[in-house]
Amino acid sequence: MKKGIIGKKLGMTQIFDEKGNVVPVTLIEAGPCVVVQKKTVENDGYNAVQLAYEDVSKKNVNKAQLGHFEKAGVSPKRHLKEFRLADCAGLEAGSVVTVDTFTAGEKVDITGITKGRGYSGCVKRWGHHILRMTHGTGPVHRQCGSMGANSTPSRVFKNKKMAGQYGNEQVTILNLVAVKVDAEKNIIAVKGAVPGAKGGIVFIRDSVKA
């Protein structure tokens, strides 16, 4: 990883390219982020920087967090994220990382928390086929069906696709294209959808599999 930043998902819209084609994009308010801590191979065994995003009142952070920010000379922030960068030489505590570190046309990976949908059935959660809505197939039409043999193995295998908690999990989308970068408004437009709801926090990095 060469660069990373913390952002907030603003929503989706569409823009037009040079040929007049419609491009669906997700708008993300990325940064500015402040470097709160720098980790090195000598002290910590690896290179990384800890970025902070979005101002917050002192009363909303505990004493340990407040001391952590004061040590770096940074005002309290709401979100912290560590990025293990290959080269951290140009970043020190107090440095500011902005969205212009990314360029239009570059491929990025974006990590976010998906929308939580609560306890859901197997049809909604996994896309299972439902039974025909005719006489003789009821009373349940959305059941998961057979879950295994009775005598052997006499149990349900792990990871069987059944009803349960759906969503509210961390997901990373790879190789999204940064269509446009607005340094003045701290906004990056990424082609396609990004995990999470509007206002959700996302982490952007340069693509590791481009």
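Below: a short report on this structure. As the structure is a prediction and not an experimental result, all values here were calculated from the model.

1. Focus: the sheet that holds strand β2 (residues 22-30)
Okay, so step 1: Taking strand neighbours around the barrel as the criterion, the 6 strands line up as β1-β2-β11-β10-β7-β12 in a closed arrangement whose pairing is antiparallel. Here the strands of the sheet are splayed against their neighbours by 50 degrees on average, with no regard to which way each runs.

2. Points about the pattern of salt bridges
Okay, so step 1: Under the definition given, this model contains 7 salt bridges.
Okay, so step 2: Between Lys 3 and Glu 106 there is a salt bridge, with its nearest N and O atoms 3.1 Å apart. Here Lys 3, found in the segment before β1 (4-16), pairs with Glu 106, found in the loop between β6 (96-97) and β7 (107-113); they are 103 residues apart in sequence, far enough to count as distant.
Okay, so step 3: On the accessibility criterion, Lys 3 (21% relative accessible area) is partly exposed.
Okay, so step 4: Residue Glu 106 is classed as buried on the basis of its relative accessible area of 16%.
Okay, so step 5: Notably, a salt bridge pairs Asp 109 with Arg 205, separated by 3.2 Å at the nearest N-O pair. Of the two residues, Asp 109 sits in strand β7 while Arg 205 sits in strand β12 (residues 201-206), which places them 96 residues apart along the sequence.
Okay, so step 6: One continuous salt-bridge network, built from bridges that share partners, spans Lys 8, Glu 54 and Arg 78.

3. Considerations on the environment of Met 1
Okay, so step 1: Assignment of secondary structure puts Met 1 in the segment before β1.
Okay, so step 2: What makes Met 1 partly exposed here is its relative accessible area of 30%.
Okay, so step 3: For Met 1, the residues in contact, after removing those within four places along its chain, are Phe 83, Arg 84, Leu 85, Ala 86, Arg 205 and Asp 206.

4. A look at the side chain of Thr 40
Okay, so step 1: By the secondary structure assignment, Thr 40 is in the loop between β3 (33-39) and α1 (41-44).
Okay, so step 2: At 3.4 Å, the side chain of Thr 40 and the backbone nitrogen of Asn 43 are in polar contact.
Okay, so step 3: Beyond its immediate chain neighbours, meaning those up to four positions away, Thr 40 contacts Gly 45, Tyr 46 and Asn 47.

5. A short note on unusual backbone geometry
Okay, so step 1: At the junction of Gly 138 and Pro 139, the peptide bond is cis and its omega measures out at 0 degrees in the coordinates.
Okay, so step 2: Along the polypeptide, Pro 139 turns up in the loop between α3 (122-126) and β9 (164-165).
Okay, so step 3: Between Thr 152 and Pro 153 the backbone carries a cis peptide bond, its omega angle lying at 10 degrees.
Okay, so step 4: For Pro 153, the location among the structural elements is in the loop between α3 and β9.
Okay, so step 5: Positive phi values are uncommon outside glycine, yet Asn 175 reaches one of about 60 degrees.
Okay, so step 6: As for its position among the elements, Asn 175 is in strand β10 (residues 170-182).
Okay, so step 7: For Asn 175, a relative accessible area of 30% puts it in the partly exposed group.
Okay, so step 8: Of note in the backbone geometry, Asn 186 takes a positive phi value of approximately 60 degrees without being a glycine.
Okay, so step 9: As for its placement among the helices and strands, Asn 186 is situated in the loop between β10 and β11 (187-191).
Okay, so step 10: Overall, the relative accessible area of 17% leaves Asn 186 in the buried class.

So, how was this worked out
Residues numbered from 1 in each chain as written. Predicted model: local features only at pLDDT ≥ 70, side-chain atom pairs only at ≥ 80, totals over all residues. Heavy atoms only, no water. Pairing = 2+ DSSP bridges. Helix = DSSP H or I, 4+ residues; strand = E, 2+ residues; numbered from the N terminus. Axes fitted to C-alpha atoms, helices over the stretch in contact; angles between N-to-C directions. Salt bridge = Lys/Arg side-chain N within 4 Å of Asp/Glu carboxyl O. Buried < 20%, exposed > 50% of the residue type's maximum accessible area, 1.4 Å probe, protein only. Contact = heavy atoms within 4.5 Å. Polar contact = N/O pair within 3.5 Å; in protein donor to acceptor, adjacent residues only side chain to side chain.

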